[in-house]
Amino acid sequence: MRVFNFSAGPAVLPETVLRQAAAEMLDWHGSGMSVMEMSHRGKEFIAIAAKAEADLRTLLAIPASYKVLFLQGGAIGENAIVPMNLLGGRTGIDFVNTGEWSKKSIKEAKKYAKVSVAASAEDRNFTYVPPQSTWKLDPGAAYVHVCTNETIGGVEYQWTPDTGDVPLVADMSSHILSRPIDVARYGVIYGGAQKNIGPAGLTIVIVRDDLLDRALPITPSAFHWKEQAEADSMLNTPPTYAIYIAGLVFEWLLQKGGVAAVERDNVAKAKLLYDYLDASGFYTNPVQPEDRSRMNVPFKLADEKLDDAFLKGAKERGMVQLKGHRSVGGMRASIYNAMPVEGVQALVAYMKDFERERG
Ligand SMILES: *Cc1c(COP(=O)(O)O)cnc(C)c1O
């Protein structure tokens, strides 16, 4: 029996995708092989990767002037790979610090660049997105870095920053494909796949063509965006099976009507949970309402001594991985694209029962 899996990542995948992958496991489309066994340079896998890229471009309406790269290293890897690729000729980077993942990006970038924090939400314990009017941007910066969905704190940008001529770089790991975005407003978008796309091991980078000639000479070839773009992300062996599964997820999203349709579902799912949290005197979410994440919903019980009982009862009802990140405690429900509305309904019903019995 499948559970409702609220993990922040690696996270739930659409059941239909898993079933299709299972059916194709031993023999992909008459090739007599699993996708895992294919040469990345063979015509079968090249077709799989090309279809995945084309579908991703359709889903996000990615302009032709952007490259799509399928790499390895994860978003933490990209935290170092981004500065190596964009610092050519410049020394400073502006960061907006909205929480744990911003802090990790800053830490990594400091190894390569002069880092300036243009705005920070630390003063209110990372419960909001600092409005752009408060950002102190340096017009000479190599780029401005934001994390548009803080997976741990549950804070999400509901607007797109405007950084003028300075490229905007966004870590979108935990909400990419959850809503339409205007790619043209960004210089670079990156994310690990294991939150809202597919298996761990695949990193997606969407980069504007004119930013491909800024890499530092020390940049490793496997992480050099221009070299990878010229090699169709096959300068080294790409994470082939993860690309295949991501491709199936892209097809699933297109069948659902694309990201605009998926966004409507995500808004409805998040509203169910937040409305209940706000009505309840027992559970609380600390994030400023207009900056709340639709994907990751942290919440606390009135008495943390009840946390273990809450998690145990949830498990008995087939709901798992609700424990909050160790740095903030409490609970966290990650409700990515692949979490059905029934999962959120079951969670809210359980929370009500728990509040009535133990609150
Ligand atoms: C999970 C996550 C990361 C880290 O991803 P790795 O694949 O572990 O490197 C970075 N940024 C955000 C926003 C995340 O959610």
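Residues numbered from 1 in each chain as written. Predicted model: local features only at pLDDT ≥ 70, side-chain atom pairs only at ≥ 80, totals over all residues. Heavy atoms only, no water.

**Side note on the packing of helix α8 (residues 307-316) against helix α9 (residues 341-358)**
The geometry of α8 relative to α9 is characterised by a closest axis approach of 11 Å and an angle of 135° between their N-to-C directions. In terms of orientation, α8 lies oblique with respect to α9. Two packed elements cross with a definite hand, and for α8 against α9 that hand is right-handed. Residues A309, F310, G313 and A314 of α8 form the contact with α9, whose own contacting residues are Y350, M351, F354 and R358. Residues of the contact of α8 with α9, tallied by class, amount to six nonpolar, one polar and one charged. (Axes fitted to C-alpha atoms, helices over the stretch in contact; angles between N-to-C directions. Helix = DSSP H or I, 4+ residues; strand = E, 2+ residues; numbered from the N terminus. Parallel < 35°, antiparallel > 145°, perpendicular 65-115°, else oblique. Left-handed = near helix turned anticlockwise from the far one by under 90°. Contact = heavy atoms within 4.5 Å. Nonpolar A, V, L, I, M, F, W, Y, C, P; charged D, E, K, R; others polar.)

**Concerning the nonpolar core**
L177, L273 and Y283 are the most contacted members of the largest nonpolar core, which totals 84 residues. Lining this core are residues from two domains, each supplying at least three of them: domain 1 (16-255) and domain 2 (258-358). With sequence-adjacent residues up to four places away left out, L273 is seen in contact with V297, A333, I335, V344, L347, V348 and M351. Formed by 24 residues, the second largest nonpolar core is a distinct cluster that contains L71, I81, V82 and Y190. (Core = buried A, V, L, I, M, F, W, Y, C linked by side-chain atoms within 4.5 Å. Buried < 20%, exposed > 50% of the residue type's maximum accessible area, 1.4 Å probe, protein only. Domains from an automatic or database assignment.)

**Some points on the site of the ligand**
Neighbouring residues of the ligand: G74, A75, I76, W101, C147, N149, T151, D171, S173, S174, Q194 and K195. For the ligand, an oxygen atom lies 3.1 Å from a polar atom in the backbone of A75. The separation between an oxygen atom of the ligand and a polar main-chain atom of I76 is 2.8 Å. Summarising the interface, the protein chains cover 86% of the accessible area of the ligand, which totals 390 Å² for the free molecule. Per element, the largest residue contribution to the shell around the ligand is three residues, and it comes from helix α3 (residues 74-86). Classifying every residue of the shell around the ligand gives four nonpolar, six polar and two charged. (Near = heavy atom within 4 Å. Polar contact = N/O pair within 3.5 Å; in protein donor to acceptor, adjacent residues only side chain to side chain. Areas by Shrake-Rupley, 256 points an atom, 1.4 Å probe, with all protein chains shown as cover.)

**What about the packing of aromatic side chains?**
For the coordinates displayed, the defined rule picks out twelve aromatic pairs. Residues Y283 and F310 carry aromatic rings whose centres are separated by 6.1 Å and whose planes lie at 65° to one another, so their mutual orientation is edge-to-face. With Y283 in strand β11 (residues 283-284) and F310 in helix α8, this residue pair connects regions lying 27 residues apart in the sequence. For F310, a relative accessible area of 0% corresponds to the buried category. A ring pair is formed by F299 and F310, whose centres lie 6.0 Å apart and whose planes are at 80°; its orientation type is edge-to-face. Here F310 lies in helix α8 and F299 lies in strand β12 (residues 296-301), a separation of eleven residues in the sequence. Of the two residues, F299 and F310, neither departs from the other in class, the shared state being buried. (Phe/Tyr/Trp six-rings, centres within 6.5 Å; stacked < 30°, edge-to-face > 60°.)

**Description of the domain arrangement of the protein**
For the protein, the assigned domains read domain 1 (16-255) and domain 2 (258-358). Its C-alpha centre places domain 1 at a distance of 27 Å from the equivalent point of domain 2. Contacts between the two partners involve 25 residues from domain 1 and, on the opposite side, 25 residues from domain 2. Taking both sides of the interface into account, the surface hidden between domain 1 and domain 2 amounts to around 2100 Å²; carbon and sulfur atoms contribute 52%. (Buried area = accessible area lost by both parts, 1.4 Å probe.)

**So, the pattern of salt bridges**
All chains considered together, the criterion is met by 18 salt bridges. In this structure, K51 engages E251 in a salt bridge whose closest nitrogen and oxygen atoms are separated by 3.0 Å. You can see K51 sitting in helix α2 (residues 43-60) and its partner E251 sitting in helix α6 (residues 240-255), a full 200 residues away along the chain. Among the residues examined, K51 registers a relative accessible area of 38% and is labelled partly exposed. A salt bridge links K305 to D303; its shortest N-O distance comes to 3.9 Å. Look at the salt bridges and you will find they share partners, linking R2, E15 and R19 into a network. (Salt bridge = Lys/Arg side-chain N within 4 Å of Asp/Glu carboxyl O.)

**Observations regarding the sheet that holds β12**
Strand order in the open sheet formed by three strands is β11-β12-β14, and the pairing between neighbours is antiparallel. At either end of the open sheet lies a strand with only one pairing partner, and these are β11 and β14 (331-334). Alignment of β11 against β12, held across two bridges, turns out to be antiparallel. Paired with Y283 across the two strands is L301, which belongs to β12. (Pairing = 2+ DSSP bridges.)

**What about the sheet that holds strand β8 (residues 168-171)?**
Read across the sheet, seven strands follow the order β2-β10-β9-β8-β5-β3-β4 without closing on themselves; strand pairing throughout is mixed. Unpaired on one side and paired on the other, β2 (66-71) and β4 (114-120) mark the two borders of the sheet. Averaged over all adjacent pairs, the angle separating strand axes in this sheet is 20°, with direction ignored. In terms of strand pairing, strand β3 (residues 92-97) meets strand β5 (residues 144-147) through two bridges, oriented parallel. Across the sheet, residue D94 finds its bridge partner in β5, namely V144. Strands β2 and β10 (203-208) of the sheet are contacted by α2, whose axis makes an angle of about 130° with β2. Sheet strands touched by α3: β2, β3, β5, β8, β9 (188-192) and β10. Its angle to β9, the strand with the most contacts, is close to 155°.

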